Amino acid sequence: MNKLLIILMLIIPNSLFAQKLCNYDYLKKEFPPLYKKIVEKTNSIPKIFTFCSGENHYLFNVTMFQQFNNGVGINRALEKDLFSYLLEEYDANSYSRTSLVAGKDQQLQLVSNFTNKKPFEAIELRQEVFVETAEPQVISYGKTVTYIRRNNSEFAQYFKPTELSEEDRIYLEKFKRFVGLQKLN
């Protein structure tokens, strides 16, 4: 009986006993399909910032914030400060930033950057996006290209601690109410 128990313990994967953690690998696997569900549900292509901390997956829809800020979006300087603040505030271990850009040939591309804090690892996925203007509007996807990013890339800098004034910290704290939480089990 004891031998059978030991054999079963060796055969059953450890993952069945471990709690699922939100991390870099989780984001790379789970976020792209989740993002496509968001696109399908909203019939839009929002700019999304999402990050992991322990058992929690956080999501911040940057595009949605514009609705609450009189149509004004977040510029690059504010984005860097805000994302760095959120990563530090929630003790994040990894994050992803997804947005729509126009490529050199004006082809729309969905660009997702996935970044791990320690050990540093970062990739960028670029996927062609096609938006048909016929009613109802249809969004479809083409080929995907993966790029490996170095630790000096722009998005690697988000994990660096930020020196914020008390006034800046109070201002950035207001964005926390727009951060959604999903607990993993």
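Residues numbered from 1 in each chain as written. Predicted model: local features only at pLDDT ≥ 70, side-chain atom pairs only at ≥ 80, totals over all residues. Heavy atoms only, no water.

Draft legend 1. Geometry of the pairing of strand 4 (residues 108–116). Burial analysis of strand 4 places 8 of its 9 residues in the buried class, the great majority of the element. When strand 3 (residues 94–102) meets strand 4, the two strands line up antiparallel, connected through 9 bridges. What sits directly across from S94, in strand 4, is N116. Where strand 3 hands over to strand 4, the hairpin turn is made up of 5 residues, of which Q106 adopts a positive phi near 70°. Where strand 4 meets strand 5 (residues 121–132), 8 bridges bridge the pair, whose relative direction is antiparallel. When the sheet's bridge partners are listed, N113 is paired in strand 5 with E124. Counting the residues between successive antiparallel strands, the hairpin from strand 4 to strand 5 contains 4 residues. (Buried < 20%, exposed > 50% of the residue type's maximum accessible area, 1.4 Å probe, protein only. Helix = DSSP H or I, 4+ residues; strand = E, 2+ residues; numbered from the N terminus. Pairing = 2+ DSSP bridges.)

Draft legend 2. Expanded view of the environment of E121. By the element assignment, E121 lies in strand 5. Overall, E121 belongs to the partly exposed group, its relative accessible area being 37%. Sequence separation of E121 and I148 is 27 residues, and the distance between their C-alpha atoms is 8.2 Å. In contact with E121, other than residues within four places in its own chain, are Y24, K28, F114, T115 and N116. (Contact = heavy atoms within 4.5 Å.)

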